[in-house]
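Here is how the chains run, residue by residue.
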Amino acid sequence: MTDVLAIQGLDCAYGEVQVLYGVSLSLRRGEVLCLLGRNGAGKTTLLKAIMGLVPARAGSVRLGETELTALPAWQVPKHGVAYVPQGRRLFAEMTVAENIEIGLMARGKGAATREAVLDLFPLLRERLKQRSGTLSGGEQQMLAMARALCLEPEVLLLDEPTEGLMPSMIAKIRETVVELRRRGVSTILVEQRVDAVLSVADRVAFLENGHNRETVDVAVLRADPEMVKRYVGVG
Amino acid sequence: MAFGPHLLLATLEGLVMAAVLALMALGLSLVFGVMRVVNVAHGEFFMLGAVLAWYFSTLATGHPAIGFLLALVLSPLVVGAIAFAAERLVLRRIHYNPEATIVATIGLLYVLQQAALTFYGPDANPVVPPFNYRVLLPWFGYSGYKLAVIGASILLITLTWLVLTRTRIGLVMRATQYDRETAQAFGIPVDRVYAGVFALGAMLAAVAAVLIVPIQQAHYLMGTDPLLLSFIVVIIGGLGSLRGTVVAALLIGVSDGVISVFFSPTLAKMLATLLVAMVLVFRPQGLFGTAAR
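The structure presented is a predicted model; accordingly, all values stated were derived computationally and were not measured.

(A) How the structure looks around the overall build of chain A. Counting its secondary structure elements, chain A contains eight helices and ten strands. By the compact-globule yardstick of 18 Å for 235 residues, chain A fits well, its C-alpha radius of gyration being 17 Å. For chain A, the C-alpha atoms occupy an extent of roughly 45 × 40 × 35 Å along the three principal directions. Taken across its 235 residues, chain A has 52% of its residues classed as buried. In chain A, of all internal contacts separated by at least 6 residues, the share reaching a separation of at least 24 is 69%. Total accessible area on chain A is roughly 9600 Å²; 50% of this is exposed by carbon and sulfur atoms. Positive and negative side-chain charges of chain A, numbering 29 and 28 respectively, have mean locations separated by a distance of 2 Å.

Rendered as structure tokens:
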């Protein structure tokens, strides 16, 4: 399989505090790669670094032939990387339709994309005129994903999409991730909980204190549950 | 004059003031709302607008309306370009840090003010109104130009509102205002949006100045009072709220007109300042603002 995204020796810091130390990671075409790690291990920072929202001190992030760390942050999504941030970060005072419009504008997509995305989340179609801040948590998460999918991304970054949702919503989000993989979208999924991951991931990368310790096939993880305990602390 | 017509006259004067104030405060509010920059130099963009309006109106010969229209088009453009340059050269370099931008815009205030003194001089100069039609009411005649100022202000504010709510440019501006980081993650060049908004804010102040300059002469110190009043309007109305800005401008403008006529201008300023204090104590987000997220 070919790599869509190749991260090499990435160092990142917030001011004086270094968070990522020489992280190397590759995302293969059409796979779901899950990042696991404790709080503060650097999962969110890694996603922000890919988006250019946290500057890289050293190392490279390559999307195909493009070096993403050399681009200003706003150019990264234009190359086909879409981001669903932790806590959703919707434009809460705007309507559902306006949030989707911003997603469409990012790569100049039109009505066809909009329809395709709304077909994936039919519930949003009924709420287009509603202020997005007034949606339920699950609906907000759907909108955050819909907004990202409006880019028709090659790479999708999902930061804890199931956080704080009820089980039926978690199932819906998981189904969506699987459906996107079927369509050939390569996904990096950040999760805290292993059980939320095993069913959808192809490979799992463990982050610990800003280092990428190991990247393994999900089958290996199933055979050796001890591994999870070592990096994440709980089973 | 009887009380009724006297009150009408005072209200009309207040409305003219409110019209100009609303435009200027809208610029201040936009810049703060989107960029989180408190632009202390906003009054100087107003002053520059007026001084340039005088300059452009002297270039044209013939009917005064030609000079005025020239000023109405060119003056905001030049002021916008100056603001754009100031944003690129200064505000961007200090990364829009809230404290640093206050100090930087205070510096900009003096640079612009002293530049005006050097190149324009200490004199006050009038611009001839584009027309001298008087509207005859049963009790007194009233300047048609002043009524036109009110109309022009309503038009420009409506236009700004339409741009903000109905266009992609407005959508991009609002997205930047709500969440700068997420906006970037969706391909919005926040940096350029900032430069545009700063220029737009200055242009609104300049337009307000062009409208006022046939009524009040252009002078290099004329920016100070409108700046203070704009802050009052923006605090009362709620930062970043267009509706609040308009309502507060009407409140301050009309009450200033009425109180100045019947009592004294000083009392009007005192009451406006008291109102700001009350708003800050009891409703810090302003009458129409939403609480900080």
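From this point, the narrative continues.
(B) How the structure looks around the sheet that holds strand β5 (residues 66-67) of chain A. All names here are of chain A. Strand order across the open sheet formed by four strands is β2-β1-β4-β5, with antiparallel pairing between neighbours. Two strands lie at the open edges of the sheet, namely β2 (17-28) and β5, each paired on one side alone. In the sheet, strand β1 (residues 3-14) pairs with β2 via eight bridges, with the strands oriented antiparallel. Counted as the bridge partner of tyrosine 14 is valine 17 from β2.

(C) The packing of helix α5 (residues 144-166) of chain B against helix α6 (residues 168-178) of chain B, seen in detail. All names here are of chain B. Axis separation between α5 and α6 bottoms out at 5 Å; the angle between their running directions is 75 degrees. Comparing the axis directions of α5 and α6 gives the class roughly perpendicular. Seen from α5, the contacting residues are Val163, Leu164, Thr165 and Arg166; seen from α6, they are Arg168, Gly170, Leu171, Met173 and Arg174.

(D) Here's a closer look at the packing of aromatic side chains. Residues and elements named next belong to chain B. Using the criterion set out here, one finds eight aromatic pairs over all chains in the structure. Plain terms: the ring middles of phenylalanine 3 and phenylalanine 262 are 5.4 Å apart, the flat faces sit at 45 degrees to each other, and that makes the pair tilted. Linking phenylalanine 3 in helix α1 (residues 3-35) with phenylalanine 262 in helix α10 (residues 242-262), this pair joins segments that are 259 residues apart in sequence. On the accessibility criterion, phenylalanine 262 (27% relative accessible area) is partly exposed. Seen from their ring centres, tryptophan 54 and tyrosine 120 are 5.3 Å apart, and the 80 degrees between their planes marks the pair as edge-to-face. Residue tryptophan 54 is located in helix α2 (residues 42-59), and its partner tyrosine 120 is located in the loop between α4 (98-119) and β1 (134-136); the two are separated by 66 residues in the primary sequence.

(E) Quick look at the nonpolar core. Counting 159 residues, the largest nonpolar core has Ile50(A), Met35(B) and Phe45(B) as its most contacted members. Residue contacts for Met35(B): discarding those within four places in its chain leaves Leu30(B), Glu87(B), Leu91(B), Tyr96(B), Tyr194(B), Val197(B) and Phe198(B).

(F) Highlighting the pairing of strand β6 (residues 81-84) of chain A. Residues and elements named next belong to chain A. Across the two faces of β6 the burial is the same, with Val81 and Tyr83 and Ala82 and Val84 all buried. In the sheet, β6 pairs with strand β7 (residues 155-159) via four bridges, with the strands oriented parallel. Opposite tyrosine 83, over in β7, you have leucine 157 as the bridge partner.

(G) Region of the structure containing empty space enclosed by the protein. Residues and elements named next belong to chain A. Enumeration according to the criterion identifies one cavity of 30 Å³ or more in this entry. Quantified by volume, the largest cavity comes out at close to 60 Å³. Taken together, Pro161, Thr162, Ile170, Ile173, Arg174, Val177, Leu189, Glu191, Ala196 and Val200 make up the full set of residues lining the largest cavity. Mapped onto the lining of the largest cavity, the elements with two or more residues apiece are α6 (167-182) and β8 (186-191). Per-element accounting of the lining of the largest cavity gives the leading share, four residues, to α6. Counted by class, the lining of the largest cavity contains seven nonpolar, one polar and two charged residues.

(H) How the structure looks around the pattern of salt bridges. Counted according to the given criterion, the structure contains 22 salt bridges over all chains. A salt bridge links Arg174(B) to Glu98(A); its shortest N-O distance comes to 2.8 Å. Note that Arg174(B) is positioned in helix α6 and Glu98(A) in helix α2 (residues 96-106), a pairing that runs across two chains. Of the residues examined, Glu98(A) reaches a relative accessible area of 18% and is grouped as buried. Through salt bridges with shared partners, one network takes in Lys48(A), Arg89(A), Asp179(B) and Glu181(B).

Conventions adopted
- Residues numbered from 1 in each chain as written.
- Chains lettered and ligands numbered in written order.
- Predicted model: local features only at pLDDT ≥ 70, side-chain atom pairs only at ≥ 80, totals over all residues.
- Heavy atoms only, no water.
- Helix = DSSP H or I, 4+ residues; strand = E, 2+ residues; numbered from the N terminus.
- Rg over C-alpha atoms; globule rule 2.2 N^0.38 Å.
- Buried < 20%, exposed > 50% of the residue type's maximum accessible area, 1.4 Å probe, protein only.
- Contact = heavy atoms within 4.5 Å.
- Areas by Shrake-Rupley, 256 points an atom, 1.4 Å probe, with all protein chains shown as cover.
- Lys, Arg positive; Asp, Glu negative; His and termini not counted.
- Charge placed at Lys NZ, Arg CZ, Asp CG, Glu CD.
- Pairing = 2+ DSSP bridges.
- Axes fitted to C-alpha atoms, helices over the stretch in contact; angles between N-to-C directions.
- Parallel < 35°, antiparallel > 145°, perpendicular 65-115°, else oblique.
- Phe/Tyr/Trp six-rings, centres within 6.5 Å; stacked < 30°, edge-to-face > 60°.
- Core = buried A, V, L, I, M, F, W, Y, C linked by side-chain atoms within 4.5 Å.
- 1 Å grid on protein atoms, 1.4 Å probe; cavity = no way out; pocket = protein on both sides within 12 Å on 5 of 7 lines; lining within 4 Å.
- Points joined across faces, edges and corners; volume = space filled by probe spheres on them.
- Nonpolar A, V, L, I, M, F, W, Y, C, P; charged D, E, K, R; others polar.
- Salt bridge = Lys/Arg side-chain N within 4 Å of Asp/Glu carboxyl O.

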